[in-house]
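Given next are the chains, with one letter for each unit.
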Amino acid sequence: MSVDAIPPARLPDDRGAHGWASVAGAANRETLQLLAETVTDLAGFRVAAISVARDDGLLEVVAVSGPPEVRRQLEGNRTPLPWLVEELAKGEDWGPVRFVPHERRDGGTRDWGWVADVAPLDVPDAWHPLDVLVAPLHDDAGTLRGVLSLDLPVSGRRPAPEQRRALERCASQVARGVIAELVREELAGQMRLAEAARTVVRSVTGEPSLERVLALAEPALTEGFQAAGLVVWIHDAPGPDRVHRTPGVPTEPPHLAAALRRVARDLWREQRLSFAGRGQRNLARLDDVEAGALLEHLTEIGVASILVVPIGVADQCLGCVVLGRREGDHDWSDVEAAGALAVGHDLGSVVLNARALERERRTNEELRELDRYRTRLIATVSHELKNPLTSVLGHLEILDSVDGLPRPVERSLGAMERGARRMRRVVDDLLLLSRVTDPDTPLALRPTDLRVLVDEAVDLHAVTAARSGVNVEVVDDGRSVRAVVDVDEMDRVVSNLLGNAVKYSPEGGTVRLSLRRVGGEIELCVTDEGIGISAEDQERLFEEFYRSTNPIALALPGTGLGLPIVRRIVDRHGGRIEVDSELGRGSTFRVVLPAG
Ligand code: ADP
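Computed from a predicted model, the values in this text were never measured in an experiment.

Draft legend 1. Spotlight on the packing of helix α10 (residues 450-468) against helix α11 (residues 487-503). For the pair α10 and α11, the least separation of the axes is 9 Å and the interaxial angle reads 35 degrees. Helix-helix and strand crossings are classified by hand; for α10 and α11 the assignment is right-handed. Contacts from Leu-450, Leu-453, Val-454, Ala-457, Val-458, Leu-460, His-461, Ala-465 and Ser-468 of α10 reach α11 at Val-487, Met-490, Asp-491, Val-494, Ser-495, Leu-498, Gly-499 and Val-502. Partitioned by chemical class, the residues of the contact of α10 with α11 number twelve nonpolar, four polar and one charged.

Structure below.
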């Protein structure tokens, strides 16, 4: 009779390696209950209880067959597994069953949840309420997964040899049934965990960087596959691979990393996984030297087995995950392998997505840098041009006041002055454009009555409008149209839109500026009955230097900078601008700003 039959070294560990957190779900419990009842019927006992080993080292009673009050007392009862092991060490070995007579137990003994309140028969082989009859239940790996306990033989006597034999047969069958149920439940648990990991992996789609994707997926995968840690490689040709590892997982020698990546490519092509460690001496596709080096490395870092999961999309392998388990952890099950292969696909899509987002971000950053460079260039060139131009215009003015110049000279001077003035307009617009494009240019915001601002712009353009025979009117609905704006900049917006409307209107046309508050916004519309803008031109109106393809518009002076400036200013104020126009019928520019 030896205690070694129950190997305490293989008790379930405390990291939940058996996925036992939710053992015995409803269906599972029913099966176990049925098994317990079969035992009482077949083995001639009034009470049979099935307990399972929990991750925390406690034995929990999950099914009891017997009188209702016994069931009530016993069900859910938890006792430390080592107690039982200690107790059974004192008993007799009856094949798959152990019997500990009460006289071998130390007096009071430990509380196992229930002691029958019956007086033993007055015979030498009478059953005593403190007698213990237990069948330890081991799985194929020899791990103690639970026990079947029996109490109150119907005969009132300790089992005689023939009853023991019946008991042995019964115990073996129950052991198989219980283990099968536990394994089934365990696999269901693994499936749930793997599914949870997949859900997390899929949910990180849209994360802006690969680093973030891997950082978020890593804990979900280690937990979902009950691994001690993992390493992920993502190929990033032509650059080096992107690697993420569970904190504490040491770096592998480069030749091993390269071999594993090669294996991953083969695995992806064949849509399968590979294991290494423990019984499996060889990782598929590794030669003997590589396999030996791998096992040596794993032993060094305390990893007992690994699972290599290829990552990819369609026929493209993008990398791999290597999950590692320690000594004492359970083997990789088929359920987990299937889940892991699916995760390889999920991760593939997530990785592709993250890469696309990264590329987009890089391109945007490059474009922004280009934009900054262009703004700097424009600002510098315009500054450099402004002073000489001012000087040219000054000198032209002086020459203009000189009397008696020959007519051809006067004409030339006039042309030079018009050209210089036009250049100054372009330079001024360029300077303004670079100012409102630069995010560092501060806005002098203050609450402003936009009606006042609009009226001032109308006054400013009154002479031009009158000269062109264009009628300008302002309408509002009488409600407050206040907004928090930089007055100088907003003045440019109104002035520019009004100036264009007048410029592109025929004689006798009307330009209407309307202001109104809509919800939390102020809407300013500048409507004209002018030449209108083609759909094609409308697409590009706000691009710098864009002038319409309409010959009538082209014949009028302009820089093509007005609307881009307007758009930037409106953007800076958190507003938006839209255009609605029809060729030959007129245009409406609509500016919407937050009300203040
Ligand atoms: P500019 O008027 O100095 O050419 P803008 O940027 O202000 O530059 O306008 C760009 C182009 O948009 C103009 O060349 C013109 O063709 C068209 N445009 C702007 N406003 C109007 C309008 N109210 N009616 C018709 N065309 C317009």
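The discussion continues.
Draft legend 2. Region of the structure containing the nonpolar core. In terms of nonpolar packing, the biggest core is built from 42 residues, with Leu-497 and Leu-513 touching the most fellow members. Elements represented by at least two residues in this core include exactly α9 (407-437), α10, β15 (482-486), α11, β16 (510-518), β17 (521-527), α14 (562-572) and β19 (586-594). For this core, the leading source of residues is α11, giving eight residues. Once residues lying within four places of it in the same chain are set aside, the contact partners of Leu-497 are Val-526, Leu-563, Val-566, Ile-577, Phe-589 and Val-591. Counting residues in each nonpolar core, the second largest holds 30 residues, with Ala-194, Leu-307, Leu-341 and Leu-347 among its members.

Draft legend 3. Quick peek at the layout of surface pockets. Here the largest pocket defines a volume of roughly 1,100 Å³. Lining the largest pocket are 39 residues, with Asn-496, Gly-499, Asn-500, Lys-503 and Pro-557 positioned closest to its centre. Elements represented by at least two residues in the lining of the largest pocket include exactly α9, α10, α11, α14 and β19. It is α11 that contributes the most residues to the lining of the largest pocket, eight residues altogether. Class assignment for the residues of the lining of the largest pocket results in 14 nonpolar, 16 polar and nine charged.

Draft legend 4. Region of the structure containing the site of the ligand. In the region of the ligand, 23 residues are neighbours, and Asn-500, Asp-528, Ser-548, Thr-559 and Leu-563 sit closest. Interatomic distance of 2.8 Å between a backbone N/O atom of Leu-563 and an oxygen atom of the ligand. Here the ligand has 530 Å² of accessible area as a free molecule, and 97% of this is covered by the chains. Given that more than half its atoms are within 2 Å of the pocket grid, the ligand belongs to the largest pocket. Sorting elements by how many residues they give to the shell around the ligand places α11 first, with four residues. Here the shell around the ligand is built from residues that sort into eleven nonpolar, nine polar and three charged.

Draft legend 5. The arrangement of the packing of α11 against α14 in detail. Direction vectors running N to C along α11 and α14 enclose 140 degrees, while the axes themselves pass 9 Å from each other. The chirality of how α11 crosses α14 is left-handed. Contacts between α11 and α14 pair Glu-489, Met-490, Arg-492, Val-493, Asn-496, Leu-497 and Asn-500 from the former with Gly-562, Leu-563, Val-566, Ile-569, Val-570 and Arg-572 from the latter. Tallied by class, residues from the contact of α11 with α14 come to seven nonpolar, three polar and three charged.

Draft legend 6. Region of the structure containing the sheet that holds strand β14 (residues 471-476). Read from one edge to the other, the open sheet built from five strands follows the order β14-β16-β17-β19-β18, with strand pairing classed as mixed. With one partner strand each, in any of the chains shown, β14 and β18 (576-582) form the two edges of the open sheet. Averaged over all adjacent pairs, the angle separating strand axes in this sheet is 15 degrees, with direction ignored. Its contacts with the sheet place α11 against β14, β16, β17, β18 and β19, and it is angled at close to 145 degrees to β16. Across the sheet, α14 lies against β18 and β19, angled at about 140 degrees from β18, the strand it touches most.

Draft legend 7. Region of the structure containing the sheet that holds strand β5 (residues 97-100). A sheet is described by the order of its strands in space; here seven strands give the open sequence β3-β2-β1-β7-β6-β5-β4, paired in antiparallel fashion. Bordering the open sheet on either side are β3 (78-80) and β4 (92-94), each of which pairs with just one other strand. Neighbouring strand axes in the sheet, compared pairwise and without regard to direction, differ in orientation by 30 degrees on average. Of the strand pairs in this sheet, strand β1 (residues 45-53) and strand β2 (residues 58-65) are connected by six bridges, and their pairing is antiparallel. Across the sheet, Ile-50 pairs through a bridge with Ala-63, a residue of β2. Sheet contacts for helix α3 (residues 81-88): β1, β2, β3, β5, β6 (132-138) and β7 (144-153); angle to β3, the most-contacted strand, approximately 65 degrees.

Draft legend 8. Looking closely at the confidence of the model for the protein chain. Per-residue confidence for the protein chain gives a mean pLDDT of 87; residues scoring 70 or more make up 93%. In the predicted structure, residues 1-24 sits below a pLDDT of 50 and forms 59 contacts with residues beyond four places in sequence or in another chain.

Draft legend 9. Structural context of helix α7 (residues 288-300). Its 13 residues give α7 an end-to-end C-alpha distance of 18 Å, which sits within 8% of 18 Å, the value for a rise of 1.5 Å per residue. For α7, the full list of buried residues reads Glu-290, Ala-291, Leu-294, Leu-295, His-297 and Leu-298. End-on, the buried residues of α7 take up no more than an arc of 160 degrees, which puts them together on one face. The exposed set on the far side of α7, more than 90 degrees from its buried face, consists of Asp-288, Val-289, Glu-296, Thr-299 and Glu-300. Those residues of α7 that are buried lie in contact with α6 (254-270), β10 (274-277) and β11 (305-313). Regarding α7, its N-cap is Asp-287, as a side-chain oxygen of that residue lies 3.1 Å from the backbone nitrogen of Val-289 further along. At the C-terminal side of α7, Gly-302 shows a positive phi close to 75 degrees.

What counts and how
- Residues numbered from 1 in each chain as written.
- Predicted model: local features only at pLDDT ≥ 70, side-chain atom pairs only at ≥ 80, totals over all residues.
- Heavy atoms only, no water.
- Axes fitted to C-alpha atoms, helices over the stretch in contact; angles between N-to-C directions.
- Helix = DSSP H or I, 4+ residues; strand = E, 2+ residues; numbered from the N terminus.
- Left-handed = near helix turned anticlockwise from the far one by under 90°.
- Contact = heavy atoms within 4.5 Å.
- Nonpolar A, V, L, I, M, F, W, Y, C, P; charged D, E, K, R; others polar.
- Core = buried A, V, L, I, M, F, W, Y, C linked by side-chain atoms within 4.5 Å.
- Buried < 20%, exposed > 50% of the residue type's maximum accessible area, 1.4 Å probe, protein only.
- 1 Å grid on protein atoms, 1.4 Å probe; cavity = no way out; pocket = protein on both sides within 12 Å on 5 of 7 lines; lining within 4 Å.
- Points joined across faces, edges and corners; volume = space filled by probe spheres on them.
- Near = heavy atom within 4 Å.
- Polar contact = N/O pair within 3.5 Å; in protein donor to acceptor, adjacent residues only side chain to side chain.
- Areas by Shrake-Rupley, 256 points an atom, 1.4 Å probe, with all protein chains shown as cover.
- Sits in = over half its atoms within 2 Å of the grid points.
- Pairing = 2+ DSSP bridges.
- pLDDT = per-residue confidence, 0-100.
- Expected span 1.5 Å × (residues − 1).
- Arc of directions from axis to C-beta.

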